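Residue-level structure breakdown
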Amino acid sequence: MRALAALAFLGAAAATSAAAGEIEARALRARDVATCDALVLGHPDEVDAYRCYFLVALRHRRWNDAATRLEARLAVDPGDALARYALGVIEAYRPGERGLPLLSEAAERLASIGDVRGEARARESLMLVHASLGHSAEAVAERERFTALAERSHDPALDADARLAAGFAAIDSARVARARDLFASLAEDPAVGPDRRARAENGLGNVAWIEGRLEEARRSFERACALNRDAGNRWQVAGEAFNVALVTSRLVEGGRASFEALRAASRVAIEEAHAAGNLQIEAQARLLLADDPRLPLDARIAEADRALELARGFGRPEHVLEALRATARLRLDRGGPGDRATAAERIDAAISRARDLGSLEQEARSWVMRATWSGARESSPETLESYARAIDLVERMRDLRSDATARGRFLWDWEFVYQRRVGALLGGTRGSPDGEAVDDAFRTLERLRARILIDVLDAAGATANAARGDDPAFEPLHAEREALLDRIVEIRRGLWSPGASDAEQIALRRELTRLERRAATLRESMARIDPEYGLLRRPAPVGVDEVRALLADDEAMIAFQAAPGEPGPLVRWWGGGSWAIVVDAAGARAYALPGNEVLGERVDAYAGILRGGKAPEQEASARLYDDVLRDAVSSLSDRVRRLVIVPDGPLHRLPFPALRPSRDADPIATRFRIETVPSASLWVHWRRDPGPPLRDRALVLADPELPVSRPANDPVRVVPRDVAALARLPGARAEARAVASALGGRADVRLDRAASEAALRAADLRPYGLVHLAVHALVHQDDASRTVLALAPGASSEDGLVHLHEIVSLRLDGQVVVLSACSSAAGEVTHGEGVLGLARAFFVAGAHTVVGGLWPLRDRDARAFIEAFAASLGRGATVGEAVGEARRKRIAAGDPPAAWAGWVVLGDGGRRIVSPGDAPGSGRSALLFAVGALGGLAVLLGLRRRG
């Protein structure tokens, strides 16, 4: 969707930019190059006059005529920078590589003569062409130049186009809320004209697509289609019609649209593209139609073959390769005489052409298709080798990205390759997979998870201190990189501020790009000097034997893969299936589970029942136990009392302790201590390196005096409206007393105004083994950037809202963090990595263990649970043991699952705060308070919840 939207955006920008007035009106009405000649003759210094040639080429398929006329002008006057610009835009749409150099030369020449508007248009086109080709760094640089020129020009049209460019850039940098605001303001402004409103609707469609609001996305693309039709831009009508069809295909997968609707939308896109001469969109729409399983297979093959023919005629390599793979796949489905041979020939051609082009992405996709040709679900050497080659290429692409967060996010889009290889290993044996296959599958899963985690940790500098090296050259590099990371954190904080102007944002992002590149260079140099640090950068994924060597006799690990199952109405492709891999003293075993589309529905329904606390949950609990755990737990020895869970996909949202073997059985929390880790590799790392010695002190922030709303022009940040209505938390004060008492008074407790953002960020956290936060949390499931902890400000420069990027900048060193706050273990579930939320941010900051909740907590329930937890922790129990004991106490007290099932241990549950032989006695000193002045009462809204 994003790639197609970028190309569509290019067409709209080139076709409709520039100032309003007679020149633009005449250019839009032109039907032949003679009209453009006359327009240029009358206005030789106006960029809009030269754009007439592109409009004629685009709208009336006069590509050769327009290019020939511009070539002739350049032959007479090689210094005609505007003619060079117009020719560059045309060539960017045609086969070959002339477009970029022509546009670059034009931009430099226009800059040299001081033509601000002409250079701005050339920079805009360079930005869009680079974006369509995947040159992200170059696109960002050209966007910054274009934006600066638009500001200098004082041209309303350029200003509107710069805001559109900023909107698409905000999408690319995951600032979805900002993108939505920019696009909405333009879409509702009739002064900008139907063309730019169409582009704004395209942007809104992309935002809705990203956020999973597919019906809204389809409506936005339909409005964009109508607006482009009003503007006479048939080329762009075709692009938006294809976007409508593409969204419809996803609605079909979700059961919210029919195949008939998809077929109709695809045919509309084909008709519009054919009428406009938009061959690339026609090819893509025909491939979409070829995916319709309700059409006869021969008709689908005919559509794919026609798409291949169009793509070859148009000349875009990526479309040719996509069509080659599609025609190969359909011939494999038909399986007639010669079909497999033709499929093999086309797959080999796709691999060869991708390699010749140097496209790692296209080659990786072609190797996935080679695995399909070999039998995607079979564990044959050829199938497994094809997947392995694809994964190697994916990881080469990942390593080429300098920014660690970008590397992690990149892998999300390729998770399916790892999952399919796991499915081939475990399902292709047509029986119980042998130990070697299970180990290979386990390593494949960890190959994905460990890399994403290390990337995220490394982005925050959390791995920099793990190895210092004996070489004297290591320390200066390390010191420079630490300083760079501190500055990067400051810049990111500035980028998050809604008060920053666009110019400030541009300057900060330019500096951020430069610093991240330098940090990446330093990181690679450090890895070459120190092999241990290099291993952290590119971790070897652990296997079954490494895990077994560290498991105690009473422990077992269950690692999950949640992936699409069999193709059907809701799932287009086989995705490898869902699996549970069990590792214990007896060995390793794998069990098939329902596909993740089924698991997701059942987990969400079950969590809703538990949170509601009214409907009986026993039946749903037993069914999910059957789905997820029965086979795995049945295979365990009776000695096993501790489960280490490595969840995936929707299972991150599953309260495992509440599941029960049957409707009348006790929850499994009465048998097992259950801990959750994001990666077996990280668990092994924690077990081998338990971190610093015990630190029996605690920092407790509880019941803060909450911030109040500030004026909209506040120079720091605007406090969200939902913070102002949050209530005080008297139960949190009782928690603070319980923690301090359990540790014999060895706790620094901060309440009211002292429980502040300033205090947390300024504190030296090294002496503390436990950081306990009993506060409100505002967790946004679909936008991690808006997730915050609500504290008192504590300083005029703070607002009390601690965002994820601010948590990441804390300097933790193996501490246990307790987040006694609403949904503190929840958040946006991301592919491969898990939950992006508060808990993950504390891991990135250096914590080894986080205790949190999956859903909103009642104040009194949180108090009861934490009091039991703290008492156990103070007696020398591990974190996992303390949470397990607290659960059992609340179960015995008759509390419903909503009160105890949502509490989870994330990370290393084996950590202690107090040694068992050094538990505090009754003679310990009293509570050590660091308490600020009492604030006024906040609004109380019924039964208090921490969120």
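The present account deals with the structure reproduced in this document. (Residues numbered from 1 in each chain as written. Predicted model: local features only at pLDDT ≥ 70, side-chain atom pairs only at ≥ 80, totals over all residues. Heavy atoms only, no water.)

A few words on the state of the cysteines. All told, the structure shown has one disulfide when counted by the stated rule. There is a disulfide in this structure between Cys36 and Cys52, and the S-S distance comes to 2.1 Å. With the S-S bond torsion at -70 degrees, the cross-link from Cys36 to Cys52 turns out left-handed. On the criterion of sequence distance, the pair formed by Cys36 in helix α3 (residues 33–42) and Cys52 in helix α4 (residues 47–60) is long-range, its members being 16 residues apart. For the pair Cys36 and Cys52, one class covers both residues: buried. (Disulfide = S-S within 2.5 Å. Helix = DSSP H or I, 4+ residues; strand = E, 2+ residues; numbered from the N terminus. Buried < 20%, exposed > 50% of the residue type's maximum accessible area, 1.4 Å probe, protein only.)

Counting residues in each nonpolar core, the largest one holds 151 residues, and the members touching the most others are Phe442, Val547, Phe560, Leu629, Phe656, Phe842 and Phe869. Discounting residues that sit within four places of it in the chain, Leu629 has contacts with Ile558, Phe560, Leu624, Phe656, Leu659 and Ile668. By size, the runner-up hydrophobic cluster in this structure holds 42 residues, among which are Ile23, Tyr93, Leu100 and Ala107. (Core = buried A, V, L, I, M, F, W, Y, C linked by side-chain atoms within 4.5 Å. Contact = heavy atoms within 4.5 Å.)

The next point concerns the packing of helix α16 (residues 279–290) against helix α17 (residues 297–314). Two elements in contact, α16 and α17, have axes separated by 8 Å at closest approach and are oriented at 160 degrees. The angle between α16 and α17 falls in the class roughly antiparallel. In this structure, α16 crosses over α17, and the sense of that crossing is left-handed. Contact with α16, carried on its side by Leu279, Gln280, Glu282, Ala283, Arg286, Leu287, Leu289 and Ala290, involves Arg300, Glu303, Ala304, Arg306, Ala307, Leu310, Ala311 and Phe314 of α17 and no other residues of that element. Of the residues contributing to the contact of α16 with α17, the split by class is 10 nonpolar, one polar and five charged. (Axes fitted to C-alpha atoms, helices over the stretch in contact; angles between N-to-C directions. Parallel < 35°, antiparallel > 145°, perpendicular 65-115°, else oblique. Left-handed = near helix turned anticlockwise from the far one by under 90°. Nonpolar A, V, L, I, M, F, W, Y, C, P; charged D, E, K, R; others polar.)

With five of five residues buried, strand β4 (residues 642–646) is to be regarded as a mostly interior element. The two faces of β4 match: Arg642, Val644 and Val646 on one face and Leu643 and Ile645 on the other face are all buried. With five bridges joining them, strand β1 (residues 555–561) and β4 adopt parallel strand pairing. For Ala559, the partnering residue across the bridge sits in β4 and is Val646. (Pairing = 2+ DSSP bridges.)

Let us look at unusual backbone geometry. Of note, the phi angle at His154 is positive, near 55 degrees, even though the residue is not glycine. Positioned with a positive phi, Asp703 is a non-glycine residue whose angle comes to about 45 degrees. Among the structural elements, Asp703 can be located in strand β6 (residues 698–704). Of the residues examined, Asp703 reaches a relative accessible area of 4% and is grouped as buried.

On to the packing of helix α18 (residues 317–334) against helix α19 (residues 339–357). Here α18 crosses α19 at 160 degrees, and the two axes come no closer than 8 Å. Accordingly, the angle class assigned to the pair α18 and α19 is roughly antiparallel. Taken as a pair, α18 and α19 cross one another with a handedness that is left-handed. Of α19, the residues touching α18 (which contributes Pro317, Val320, Leu321, Leu324, Arg325, Thr327, Ala328, Arg331, Leu332 and Arg334) are Asp339, Arg340, Thr342, Ala343, Arg346, Ile347, Ala349, Ala350, Arg353, Ala354 and Leu357.

Our next topic: the environment of Ala868. Within the secondary structure, Ala868 sits in helix α38 (residues 859–874). Judged by its relative accessible area of 10%, Ala868 falls in the buried class. Along the sequence, Ala868 and Arg887 sit 19 residues apart, while their C-alpha atoms lie 8.6 Å from each other. Sequence-distant contacts of Ala868, defined by excluding residues within four places in its chain, comprise Ala886 and Lys889.

Side chains that differ in charge, positive against negative, can pair when their charged atoms come close. Inspection of the entire model under this criterion finds 65 salt bridges. As a salt-bridge pair, Arg306 and Glu309 come within 3.1 Å of each other at their nearest N and O atoms. With Arg306 and Glu309 both in helix α17, this residue pair falls three residues apart, about one helical turn. Where Arg660 meets Glu617, a salt bridge forms, and the shortest distance between an N and an O atom there is 2.9 Å. With Arg660 in the loop between β4 and β5 (673–676) and Glu617 in the loop between α29 (596–612) and α30 (618–628), the pair connects residues that are 43 residues apart, well separated along the chain. There is no split in this pair, since Arg660 and Glu617 are both buried. Salt bridges here are not isolated pairs; linked through shared partners, they connect Arg121, Glu124, Asp161, Asp195, Arg196 and Arg199. (Salt bridge = Lys/Arg side-chain N within 4 Å of Asp/Glu carboxyl O.)

A complete count under the given rule lists six aromatic pairs for this structure. Where Phe54 meets Trp63, the ring centres are 6.1 Å apart and the plane angle is 70 degrees; that geometry is what we call edge-to-face. Measuring from centroid to centroid gives 5.9 Å for Trp414 and Phe416, while their planes differ by 20 degrees, and the two rings are stacked. Using a relative accessible area of 2% as the deciding quantity, one classes Trp414 as buried. Through successive ring pairs, a cluster of aromatic residues spans Phe54, Trp63 and Trp235. Above the face of the Trp373 ring, Arg340 is positioned so that its terminal group lies 4.9 Å from the ring centre. The ring of Trp373 has Arg370 lying over it, and the distance from NZ or CZ to the ring centre is 4.7 Å. (Phe/Tyr/Trp six-rings, centres within 6.5 Å; stacked < 30°, edge-to-face > 60°. Lys NZ or Arg CZ within 6 Å of the ring centre and 35° of its normal.)

Let us now look at the sheet that holds strand β9 (residues 776–778). Spatially, the three strands line up as an open sheet ordered β9-β10-β11, and their pairing is antiparallel. Each end of this open sheet is capped by a strand with a single partner; those strands are β9 and β11 (801–803). Along the sheet, successive strands turn relative to each other by an average axial angle of 25 degrees, direction set aside. Sheet topology note: the strand β10 (residues 788–790)/β11 ladder contains three bridges and is antiparallel. In the strand pairing of β11, Val788 is matched with His803.

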